[in-house]
Amino acid sequence: MSKKLFIPGPIDVSEDVLEKMATPVISHRSKEASELQKSITEKAKKLFYTDNEILLSTSSGTGLMEGSIRCCTAKRAAVFSCGSFGDRWHKMGITNGVPTDLFKVELGQAIEPEMVDKVLATGKYDLITVTHNETSTGIRNPIEDIGQILKKYDDVVYCVDTVSSAGGIKIPVDEIGIDICITSVQKAIGLPPGMSLCTFSEKSRKRAEKVPNRGVYFDLLSMYEYIKKKNYQYPSTPSLSHMFALNYQLEKILEEGLENRFKRHEDMAKIVRNWAEEHFEIFTDKNHLSNTLTVVKNTQNIDVSNLNEELQKRGYLIANGYGELKDKTFRISHMGDYTENDIRDLLKNIDDILGFQLKIVSFINM
Ligand code: PMP
């Protein structure tokens, strides 16, 4: 039986999207391949509210994260982290030989714009990275306010990881002033894993031209140049199957209406938050809650593995905590093409397994 995946990616993929993956393969150097990538680009620009170029990568999002810090840091990178995925960006900088410093906040807290301002005021940095939606803690960082700070620092390239938010939360890239906005397709966009995309500003392009050792596979400048010189083609052989499916799914997303889609995510988030507050606690700072996943503090000390085993028998799966938070929290995602009814069904099943109903009944009868 296929399961409904309420883990924070990968999530369920609709049958019609899966079918698009089976489209007969074409040459990656054909006119059709150019048309396909162009068509994805036009739609992705709408999703990100940007006029900047869209780069595709046949890798998950980690590839573009690594490429961005490596290709676009000429001086020194400042990584702002509020959890595991921010920390990982720091590791990518260091292991690629990029001078990189890490600035961390406590788990469950957000990155404050003032902190970014203080760090940039040193004049040491020409690139920063911020995780929009930290999947380990459920924090949605204030990328808009951080963007306001960045307006003071012309020379700084602003990279944002929107891996677990794009497609579920509005990210107006140009208005915020993001230079490289990265996402993977297996989360709120709703495709099987294996492809990622990012926006790429003029500032990033000019910066990459000054960085000599950009590597090969994740050289963002080479991806950009192939688009310009080879009419929207890809430097190596891309996953054309993903591209057929992505083109189709983006069409569906635009048909749903971006604002409708974001509202649906917000509504699903509210249902899960209310449930979490009723039975447990929300782990995350309430001023910065994500609309695509909720991290629940396991105040009742439930056995999450047992719960998941029972849930799987009923066709559902949720996620335990991530990294340091493994045993202290569990995570429920509400992203992609799920509806409020899907979320209610999941929560009803959790209640049933955990016996919350019974507890409430016995309390009323007391
Ligand atoms: N950043 C965040 C916020 C994530 O949630 C993830 C994946 N869980 C990644 C980066 C890494 O993305 P990928 O697995 O697509 O490489």
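This structure is a prediction, so every number in the text was calculated from the model and none was measured.

Here's the deal with the overall build of the chain
Now for step 1: A tally of regular secondary structure across the chain gives 14 helices and 15 strands.
Now for step 2: For the chain, whose C-alpha radius of gyration is 21 Å, the value lies close to the compact-globule estimate of 21 Å for 366 residues.
Now for step 3: Across its three principal axes, the chain shows a C-alpha extent of roughly 75 × 55 × 35 Å.
Now for step 4: Within the chain, buried positions represent 59% of all 366 residues.
Now for step 5: Restricting to contacts in the chain with at least 6 residues of sequence separation, those with at least 24 account for 72%.
Now for step 6: As presented, the chain carries roughly 15,300 Å² of accessible surface, and 50% of it is formed by carbon and sulfur atoms.
Now for step 7: Charged side chains of the chain number 47 positive and 51 negative; the gap between the two group centres comes to 4 Å.

Quick notes on the environment of Gln 312
Now for step 1: Examined against the element boundaries, Gln 312 turns out to sit in helix 12 (residues 304-313).
Now for step 2: On a C-alpha basis, the gap between Gln 312 and Lys 3 in space is 7.1 Å, while along the polypeptide they are 309 residues apart.

Side note on the pairing of strand 8 (residues 157-161)
Now for step 1: Among the five residues of strand 8, five are classified as buried, and the element is accordingly described as predominantly covered.
Now for step 2: The two faces of strand 8 match: Val 157, Cys 159 and Asp 161 on one face and Tyr 158 and Val 160 on the other face are all buried.
Now for step 3: Across five bridges, the pairing between strand 5 (residues 127-131) and strand 8 is parallel. In the sheet register, Thr 129 faces strand 8, and the bridge partner there is Cys 159.
Now for step 4: The sheet contact formed by strand 8 and strand 9 (residues 180-184) spans three bridges and is parallel. Paired with Asp 161 across the strands is Ile 182, a residue of strand 9.

Concerning the pairing of strand 4 (residues 100-104)
Within a regular beta strand, the side chains point alternately toward one face of the sheet and then the other, so they alternate between its two faces.
Now for step 1: Of the strand pairs in this sheet, strand 3 (residues 77-81) and strand 4 are connected by five bridges, and their pairing is parallel. Within strand 4, the residue paired with Ala 78 across the bridge is Asp 101.
Now for step 2: Where the polypeptide runs from strand 3 across helix 4 (residues 84-95) and back to strand 4, its parallel neighbour, the crossover connection is right-handed.

Digging into the sheet that holds strand 10 (residues 196-200)
Now for step 1: One open sheet holds the seven strands; their spatial order is 2-10-9-8-5-3-4, and the pairing between them is mixed. Each edge of the open sheet carries a strand with a single partner, namely strand 2 (53-57) and strand 4. Each strand of the sheet is rotated relative to its neighbour by a mean of 20 degrees, with strand direction disregarded.
Now for step 2: By the bridge criterion, four bridges tie strand 3 to strand 5 in an arrangement that is parallel. Bridge assignment links Ala 77 to a residue of strand 5, and that residue is Leu 127.
Now for step 3: On top of the sheet, helix 3 (residues 61-72) reaches strand 2, strand 3, strand 4, strand 5, strand 8, strand 9 and strand 10; it is set at about 160 degrees to strand 9, its chief contact.
Now for step 4: Most of the contacts of helix 9 (residues 220-229) go to strand 2, to which it runs at about 115 degrees, and overall it touches strand 2, strand 9 and strand 10.

Details of the packing of helix 11 (residues 258-279) against helix 13 (residues 340-354)
Now for step 1: Running from amino to carboxyl end, helix 11 crosses helix 13 at an angle of 20 degrees, the nearest separation of the two axes being 9 Å. When the axes of helix 11 and helix 13 are compared, the pair comes out roughly parallel. The hand of the helix 11/helix 13 crossing is right-handed. Where helix 11 abuts helix 13, its residues Asp 267, Met 268, Ile 271, Val 272, Trp 275 and His 279 lie against Glu 340, Ile 343, Arg 344, Leu 347, Ile 350 and Asp 351.
Now for step 2: Here the residues of the contact of helix 11 with helix 13 are counted per class, giving seven nonpolar, one polar and four charged.

Remarks on the side chain of Ser 57
Now for step 1: Here Ser 57 shows up in strand 2.
Now for step 2: Among the residues examined, Ser 57 registers a relative accessible area of 0% and is labelled buried.
Now for step 3: Engagement of the side chain of Ser 57 in a polar contact is seen with the side chain of Ser 59, the distance being 2.8 Å.
Now for step 4: Leave out the neighbours within four places in its chain, and Ser 57 touches Leu 64, Gly 194, Met 195, Ser 196, Phe 218, Met 223 and Tyr 234.

Topic: the site of the ligand
Now for step 1: The immediate surroundings of the ligand are formed by 15 residues, with Ser 60, Thr 62, Thr 135, Asp 161 and Ser 184 found nearest.
Now for step 2: One of the side-chain nitrogen or oxygen atoms of Ser 60 is found 2.5 Å away from an oxygen atom of the ligand.
Now for step 3: Contact between the ligand and Gln 186: an oxygen atom at 2.9 Å from a side-chain N or O atom of the residue.
Now for step 4: When the ligand is considered free in solution it has 390 Å² of accessible area, and contact with the protein chains removes 88% of it.
Now for step 5: Contributions of two or more residues to the shell around the ligand are made by helix 3 and helix 4.
Now for step 6: Looking at side-chain class alone, the shell around the ligand contains three nonpolar, nine polar and three charged residues.

Rules of the game
Residues numbered from 1 in each chain as written. Predicted model: local features only at pLDDT ≥ 70, side-chain atom pairs only at ≥ 80, totals over all residues. Heavy atoms only, no water. Helix = DSSP H or I, 4+ residues; strand = E, 2+ residues; numbered from the N terminus. Rg over C-alpha atoms; globule rule 2.2 N^0.38 Å. Buried < 20%, exposed > 50% of the residue type's maximum accessible area, 1.4 Å probe, protein only. Contact = heavy atoms within 4.5 Å. Areas by Shrake-Rupley, 256 points an atom, 1.4 Å probe, with all protein chains shown as cover. Lys, Arg positive; Asp, Glu negative; His and termini not counted. Charge placed at Lys NZ, Arg CZ, Asp CG, Glu CD. Pairing = 2+ DSSP bridges. Right-handed = clockwise from strand over helix to strand, strands pointing away. Axes fitted to C-alpha atoms, helices over the stretch in contact; angles between N-to-C directions. Parallel < 35°, antiparallel > 145°, perpendicular 65-115°, else oblique. Left-handed = near helix turned anticlockwise from the far one by under 90°. Nonpolar A, V, L, I, M, F, W, Y, C, P; charged D, E, K, R; others polar. Polar contact = N/O pair within 3.5 Å; in protein donor to acceptor, adjacent residues only side chain to side chain. Near = heavy atom within 4 Å.

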